[in-house]
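# Structure at a glance
Each chain, written out:
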Amino acid sequence: MTAFDIYSALGNVSEELLEESELPVPKAKPKGILYMAAAAACFAVFAAGLHFAFNDSGIAAPEYVDLLTVGSTYSAPEFTQYTCVPPMETTHSVPLYIGTNSETVPADTVFTDEPFPFVSETTLSEADTTANLTEMIQEEEIAIVPRWEDMSDFDRYIYLQYNENEYSITMDKFDKSELTFLQNGELYGIDEYTDKRYSMPCAFYKIKNISENYMIAAPTADGNYTAFINSRYRPDSLGSYLEDIDFSNRCKLTTIKSETNDLVDDEVFSRYFEYDLPDLQQAVEKLLAENSDAVPEINPPPVMDRYFIICGDDTFPTLRISDGGYIGVLGKYFKIGEDKTESFMEYIEENSVKTEYDPHVVADSNDLMIPE
C-alpha cells in the first residue's frame, strides 16, 4: 500500500500532495517504526471506509467513535539514518606525535610502529524524533551506524591520501621485511553522525614489487602493517595490471570450481563442479600472458550461463573466467575474446578430474570417519 493509495482513499487531498506521494523515496533497513506506520495507515483507510459506508447507506456513525486524524504526530524512538559518505572536509584534527610537544614535525621524521595516542572529542547532534503520518509511511528503512566513541581505532581510521589519491583499508597484511618507507602521512576517518573528520599520524610504506599507485601499507591499530588500496586505480592493460599487483609471485592458484546455469521450463537449474588440474598455475599464467594487451572493462560482465572460479590457498576468488570472453583478476575484468575463454574451459574439462558437489550442504561433524 502506497501513500498515493492512502490519500486517494481518504479523499479531500490536494493534487499537489497526491503528486508528491508518487515520487520514489530512498531505501533503508526496516525497523519497528515501519510496522507501526503501516498499521496506522491501514487503520486510517479502514476508518475512512467505515465513514464512507455509514454515510452512503444512511446509517449515522456513532458519535463516540474517534477516527484517526491525518497529520497527527507520533513520537518515534530515537534513531539516526545512515547517509552516504560525507564530504572529505577537515573540521577537526588532533595530530599528536611521539616524542614531541609541537605540532610541527621535521620532514625526515619517521613515525614509530607503536600505536599513536589520540584523544577524540565529539559533539553529537540529536536526531528529530517526531514525524507525521506521511513521513512514517515513506520511511522504509533505518540503518544503525556505530557511534564514533563506540568504534575501535582500526575501524575508525580507514582512509589515507597519497599522491592526490584516496586509499581505502583492506584486510591484507604484510610483513615489515617487505616494506620500504615512503613518507609520513595520516590515517583519517569520518564520524557519520557529525560529518567530522578525525586524523591520526602514521608512516606510509611501499610494498615489495607492488606499484604504490595500486596499493601501499601503513601501521594500523591492530599492530599489523595493513594494505590500503587506491580507489581510483585503473590499469592500462591486463599485462600492466599483473605487473602492478605482482601476480605471478603473490597469487598461487590451487582450486578450480565452476557453476553452470541451465534454463528448463523457465526455471534456472544450477550445477556445481570442482576440478583437479595438475598444471593449473602454468596454464593460467600462459592464458594471461597470451592476452596481456587486453584492456580493462569499465563494468563487470553480465551474468553468464557458465563460469569458472580459480582460487588460491585462501579460497578467495582470484580469477573468474566467464562465457562471452571475459576474464576477471581480483575484481577487474578484461575481455579477451569468446574463442579464447571457450578454448581454456575445454582444456580444463579435458585435462582435470571433475567432481560434482552441492555448495549448500555443510559437512556434519558426526559423519567423520572414526577409526575402529
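Described in the following lines is the structure provided in the data block. (Residues numbered from 1 in each chain as written. Predicted model: local features only at pLDDT ≥ 70, side-chain atom pairs only at ≥ 80, totals over all residues. Heavy atoms only, no water.)

Where burial is concerned, most of strand β11 (residues 306-312) is hidden: 7 out of the 7 residues are buried. Of the two faces of β11, the one lined by Arg306, Phe308, Ile310 and Gly312 and the one lined by Tyr307, Ile309 and Cys311 are each fully buried. Pairing analysis gives 7 bridges linking strand β9 (residues 253-264) to β11, with the strands arranged antiparallel. Residue pairing across strands places Lys257 opposite Ile309, the latter belonging to β11. Two elements, β11 and strand β12 (residues 317-322), share 5 bridges in a ladder whose sense is antiparallel. (Buried < 20%, exposed > 50% of the residue type's maximum accessible area, 1.4 Å probe, protein only. Helix = DSSP H or I, 4+ residues; strand = E, 2+ residues; numbered from the N terminus. Pairing = 2+ DSSP bridges.)

One ladder, built from 9 bridges, connects β9 with strand β10 (residues 267-276); its direction is antiparallel. Each bridged residue has a counterpart across the sheet, and for Glu259 the counterpart in β10 is Tyr272. Bridge analysis of β10 against strand β15 (residues 353-357) gives 5 bridges, and the strand direction is antiparallel. Bridged to Phe273 within β15 is Glu356.

With that settled, the discussion passes to the nonpolar core. In terms of nonpolar packing, the biggest core is built from 40 residues, with Phe247, Leu288, Ile310, Leu319 and Val329 touching the most fellow members. If you tally residues by element for this core, the top one is helix α8 (residues 280-290), at 5 residues. Counting 13 residues, the second largest nonpolar core, distinct from the first, contains Trp148, Tyr162, Met200 and Ile216. (Core = buried A, V, L, I, M, F, W, Y, C linked by side-chain atoms within 4.5 Å.)

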